[in-house]
Amino acid sequence: MRLAGQRALVTGAGAGIGRAVALRLAAEGASVLVQDLDAARAGITAAEIGAAGGQAIVAAGDVSVEADMDAAFAACEGAFGPATIVVNNAGIVQQARLVDLSVADWDRMVAVHL
């Protein structure tokens, strides 16, 4: 339990790498806020952490929306204390050549990644 007492916020933790990171942090003893745009997927990850004896809560929201992330950090602090670990994992993929992307698609991708 190398991370006992630590409080982690993991974005994009409903699936893929973010989910794996959240599960591993919990297995190492951290309390985890599972953040994802998809609340149902985030809930599945949090439930799996809980079933394994860990502590997790969900904050659904869009990482490109400041108010959503403010709410996620506030939820973490309210449940566990201030986040001591933040994994900014959320990302999106545009299945198109760069020259074929619309400005809106480009702006959305940049907003999520940054």
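Just so it is clear, the structure is predicted and the values come from calculations on it, not from any experiment.

Trainee: Go over the overall build of the chain with me, naming the residues and quoting the values.
Mentor: Each helix and strand counted, the chain has four helices and four strands in total. Taken from N to C terminus, the helices and strands of the chain fall in the order β-α-β-α-β-α-β-α. Judged by the C-alpha coordinates and their principal axes, the chain covers about 50 × 25 × 25 Å. For the chain, the proportion of its 114 residues judged to be buried stands at 32%.

Trainee: Break down the pattern of salt bridges for me, with residues and values.
Mentor: Should their charged atoms come close, side chains of opposite charge can pair. Taken as a whole and assessed by the stated rule, the structure comprises seven salt bridges. One salt bridge connects Arg 19 with Glu 48, and the closest N-O pair in it is separated by 2.3 Å. In this pair, Arg 19 is assigned in helix α1 (residues 16-27) and Glu 48 in helix α2 (residues 39-51), connecting sequence segments 29 residues apart. A relative accessible area of 26% means that Arg 19 is categorised as partly exposed. For Glu 48, a relative accessible area of 35% corresponds to the partly exposed category. We note a salt bridge from Arg 108 to Asp 62, for which the minimum N-O separation is 3.0 Å. Here Arg 108, found in helix α4 (residues 103-113), pairs with Asp 62, found in the loop between β3 (56-60) and α3 (66-79); they are 46 residues apart in sequence, far enough to count as distant. On the basis of relative accessibility, which here comes to 29%, the residue Arg 108 falls in the partly exposed class. By sharing partners, the salt bridges in this structure join Arg 2, Arg 24 and Glu 28 into a single network.

Trainee: Can you break down the packing of α1 against α2 residue by residue, with the values?
Mentor: At a closest axis distance of 10 Å, the pairing of α1 and α2 adopts a crossing angle of 20 degrees. Looking at the two axes, α1 sits roughly parallel to α2. Between α1 and α2 lies a crossing whose hand is right-handed. Between α1 and α2, the residues in contact are Arg 19, Ala 22, Leu 23 and Ala 26 and Thr 45, Glu 48 and Ile 49, respectively. The class makeup of the residues in the contact of α1 with α2 is four nonpolar, one polar and two charged.

Trainee: Run through a nonpolar patch on the surface, naming residues and quoting values.
Mentor: A surface patch of nonpolar side chains, about 450 Å² in accessible area, is lined by Leu 98, Trp 106, Val 110 and Leu 114. Mapped onto the elements of the fold, Val 110 is located in helix α4.

Trainee: Would you mind going over the sheet that holds β3 in detail, with residue names and values included?
Mentor: One open sheet accounts for four strands, arranged β3-β2-β1-β4; its pairing is parallel. Strand pairing shows two members of the sheet lacking a second neighbour, β3 and β4 (85-87), which therefore form its edges. Across the sheet, the axes of successive neighbouring strands diverge by a mean angle of 15 degrees, strand direction being ignored. Sheet strands in contact with α1 are β1 (7-10), β2 (31-36) and β4, and its direction is about 175 degrees off that of β1.

Trainee: Which residues make up the environment of Ala 74, and what values do they have?
Mentor: Here Ala 74 shows up in helix α3. Classification of Ala 74 as partly exposed rests on a relative accessible area of 48%.

Trainee: Tell me about the side chain of Glu 28, and name the residues and values.
Mentor: Here Glu 28 lies in the loop between α1 and β2. The contacts of Glu 28, once residues within four sequence positions are left out, are Met 1, Arg 2, Leu 3 and Ala 4.

How each quantity is defined
- Residues numbered from 1 in each chain as written.
- Predicted model: local features only at pLDDT ≥ 70, side-chain atom pairs only at ≥ 80, totals over all residues.
- Heavy atoms only, no water.
- Helix = DSSP H or I, 4+ residues; strand = E, 2+ residues; numbered from the N terminus.
- Buried < 20%, exposed > 50% of the residue type's maximum accessible area, 1.4 Å probe, protein only.
- Salt bridge = Lys/Arg side-chain N within 4 Å of Asp/Glu carboxyl O.
- Axes fitted to C-alpha atoms, helices over the stretch in contact; angles between N-to-C directions.
- Parallel < 35°, antiparallel > 145°, perpendicular 65-115°, else oblique.
- Left-handed = near helix turned anticlockwise from the far one by under 90°.
- Contact = heavy atoms within 4.5 Å.
- Nonpolar A, V, L, I, M, F, W, Y, C, P; charged D, E, K, R; others polar.
- Patch = residues over 30% accessible without salt bridge, like charges linked within 9 Å, V, L, I, M, F, W, Y side chains within 5 Å.
- Areas by Shrake-Rupley, 256 points an atom, 1.4 Å probe, with all protein chains shown as cover.
- Pairing = 2+ DSSP bridges.

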